[in-house]
Amino acid sequence: DFPSDDSDYHTYDEANAAIDAYVEKYPEIMSKEVIGTSHEGRDIVAVKISDNVAEDEDEPEVLFTHHQHAREHLTVEMALYTMGELGGKYGSEDRVTKMVDERELWIVPDANPDGGEYDIATGEYRMWRKNRQPDSGSSEIGTDINRNWPYKWGCCGGSSGSPASEVYRGPSAGSSPEVQVLMDFARSRVVDGEQQISAHIDFHTYSELVLWPYGYTDDDTAEGLTRDDADAFAAVGKAMADSNGYTPQQSSDLYVTDGSVNDWMWADQGIFSYTFEMYPGSDSDEGFYPPDEVIGEQTARNKDAVLLLMENADCMYRSIGKEA
Ligand code: 0X9
Ligand code: CA
Ligand code: CA
Ligand code: CA
Ligand code: ZN
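The rules behind these values
Residues numbered from 1 in each chain as written. Chains lettered and ligands numbered in written order. Predicted model: local features only at pLDDT ≥ 70, side-chain atom pairs only at ≥ 80, totals over all residues. Helix = DSSP H or I, 4+ residues; strand = E, 2+ residues; numbered from the N terminus. Rg over C-alpha atoms; globule rule 2.2 N^0.38 Å. Buried ≥ 20, exposed ≤ 12 C-beta atoms within 10 Å, placed from the backbone. Contact = placed C-beta atoms within 7 Å. Axes fitted to C-alpha atoms, helices over the stretch in contact; angles between N-to-C directions. Parallel < 35°, antiparallel > 145°, perpendicular 65-115°, else oblique. Left-handed = near helix turned anticlockwise from the far one by under 90°. Nonpolar A, V, L, I, M, F, W, Y, C, P; charged D, E, K, R; others polar. Near = placed C-beta within 6 Å. Expected span 1.5 Å × (residues − 1). Arc of directions from axis to C-beta. Pairing = 2+ DSSP bridges. Right-handed = clockwise from strand over helix to strand, strands pointing away.

### Let's talk about the overall build of the chain
Moving on, step 1. Looking only at helices and strands, the chain features 10 helices and 10 strands.
Moving on, step 2. Taking 324 residues into account, the globule formula puts the C-alpha radius of gyration at 20 Å, and the chain, at 18 Å, falls close to it.
Moving on, step 3. With the principal axes as the frame, the chain shows a C-alpha extent of 50 × 45 × 40 Å.
Moving on, step 4. Looking at the chain as a whole, 50% of its 324 residues qualify as buried.
Moving on, step 5. Taking the contacts inside the chain whose residues are at least 6 apart along the sequence as the reference set, 74% of them involve residues at least 24 apart.

Given below as structure tokens:
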């Protein structure tokens, strides 16, 4: 369990109970499905939020994923906040109502339930990052899920081939079940050959950043990423950062990563895929474990940014004056 001082954070079971309670409270606009299981067999859940939620309408779809990294517990709270805010303000706040009506929103609150539970199992934080998958030929446990995505996996020095490393990329591209579950889900949103999801945020902590592809190269444009694409990423990224006070930048400006979710989502699926690094700032002592007292403020801080992405999701190039 969480340390008693931090009991407002949700364990895996508590988060699932909260998700079920929201779906029960707002059944007209929310549904839940199990999209697969983690290495240790825990359910990985996706919540859909939209009017006519049982139908697949022809609306831009937006995906939010959370908690690839075990110790980044504030990101699960972000998912629960978004559910509560969309459910609670639907019908009373215009921006929320319009997005629930005119978008199909998907939230995966916990992409790494095994790692998250392991991090808190003793009641004291273990600073765990990876999943809990063993590796043959090593006694080390865990793959960094955000180095295991197949696009340019292991290409560029942005991950490690050593199972002991915190950024271990796994024995092969897509070897972690958690990546497989998320990839299968994304691919399941291709309808008549067209990916329905146009925009995505993957939530992490910490450093208060808005990041966009590519992570594998320092170049601003590259294969599959044109000047217009890069400009649209930057324009919407900066608008979101203006709203929450984070710092916007191409992800490789922070450091190079290969096998990260954003590069795969963009290069393989054409999804405008961002990483948010939430509270605290990079110079804070709180690091991955800010006290539960900050949950309310630091999740609500992203409300406008999340709405902005939804509002731009019908045409991301409008942000650079190039509406198709
Ligand atoms: O390293 C990561 O996976 C992310 N940071 S974290 O501290 N949450 O682990 C950042 C991924 C963004 N991509 C790049 N910086 N290239
Ligand atoms: Ca507390
Ligand atoms: Ca709808
Ligand atoms: Ca649809
Ligand atoms: Zn992270």
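After that view, the rundown keeps rolling.
### A word on the packing of helix α6 (residues 227-244) against helix α10 (residues 303-312)
Between two packed helices, both the angle of their axes relative to each other and the distance between the axes serve to describe the pair.
Moving on, step 1. Close contact between α6 and α10 brings their axes to 8 Å; oriented N to C, the two are set at 155 degrees. Accordingly, the angle class assigned to the pair α6 and α10 is roughly antiparallel. As α6 packs across α10, the resulting crossing turns out to be right-handed. Taking contact as the criterion, the partners of Val 236, Ala 239, Met 240, Ser 243 and Asn 244 in α6 are, on α10, Asp 304, Ala 305, Leu 308, Leu 309 and Asn 312.
Moving on, step 2. In terms of residue class, the contact of α6 with α10 is built from 6 nonpolar, 3 polar and 1 charged.

### Quick word on the site of ligand 1
Moving on, step 1. Around ligand 1 sit 15 residues, and of these Asn 146, His 204, Gly 215, Ser 251 and Thr 257 come closest.
Moving on, step 2. The set of elements that each furnish at least two residues to the shell around ligand 1 consists of α7 (251-254) and β10 (272-281).
Moving on, step 3. Per-element tally for the shell around ligand 1: the top contributor is α7, with 3 residues.
Moving on, step 4. Here the shell around ligand 1 is built from residues that sort into 4 nonpolar, 9 polar and 2 charged.

### Describing helix α1 (residues 12-25)
Moving on, step 1. Here α1 contains 14 residues, and its C-alpha end-to-end distance of 20 Å stays within 8% of the 20 Å for a straight helix at 1.5 Å per residue.
Moving on, step 2. Every buried residue belonging to α1 is among Ala 15, Ile 19 and Tyr 22, and all of these are buried. Viewed end-on, α1 has its buried residues packed into an arc of 60 degrees, placing them on one side of the element. Exposed residues pointing more than 90 degrees away from the buried face of α1 are listed as Asp 13, Ala 17, Asp 20, Glu 24 and Lys 25.

### Things to note about the sheet that holds strand β9 (residues 247-250)
Moving on, step 1. Spatial ordering of the open sheet is given by β1-β2-β4-β3-β7-β10-β8-β9, a layout of 8 strands whose pairing is mixed. Taken across any chain shown, the strands that pair with only one partner, and hence form the sheet edges, are β1 (30-37) and β9. The average angle at which neighbouring strand axes cross in this sheet is 20 degrees, direction not considered.
Moving on, step 2. Two strands pair when backbone bridges link them, and strand β2 (residues 43-49) and strand β4 (residues 104-108) are joined in this way by 3 bridges, in the antiparallel orientation. The residue of β4 that forms the bridge with Val 47 is Ile 107.

### Looking at unusual backbone geometry
Moving on, step 1. Cis geometry is found at the peptide bond from Thr 205 to Tyr 206, where omega equals -5 degrees.
Moving on, step 2. Here Tyr 206 lies in strand β7 (residues 197-207).
Moving on, step 3. A cis geometry characterises the amide bond from Tyr 279 onward to Pro 280, with omega recorded as 0 degrees.
Moving on, step 4. Looking at the secondary structure, you find Pro 280 in strand β10.

### Digging into the pairing of β9
Side-chain positions along a regular strand alternate between the two faces of the sheet.
Moving on, step 1. Burial along β9 is one-sided: the residues Pro 248 and Gln 250 are buried and none of Thr 247 and Gln 249 is.
Moving on, step 2. In the sheet, strand β8 (residues 209-212) pairs with β9 via 4 bridges, with the strands oriented parallel. Bridge pairing links Val 210 to Pro 248 in β9.
Moving on, step 3. With α6 bridging β8 and its parallel neighbour β9, the resulting β-α-β unit is right-handed.

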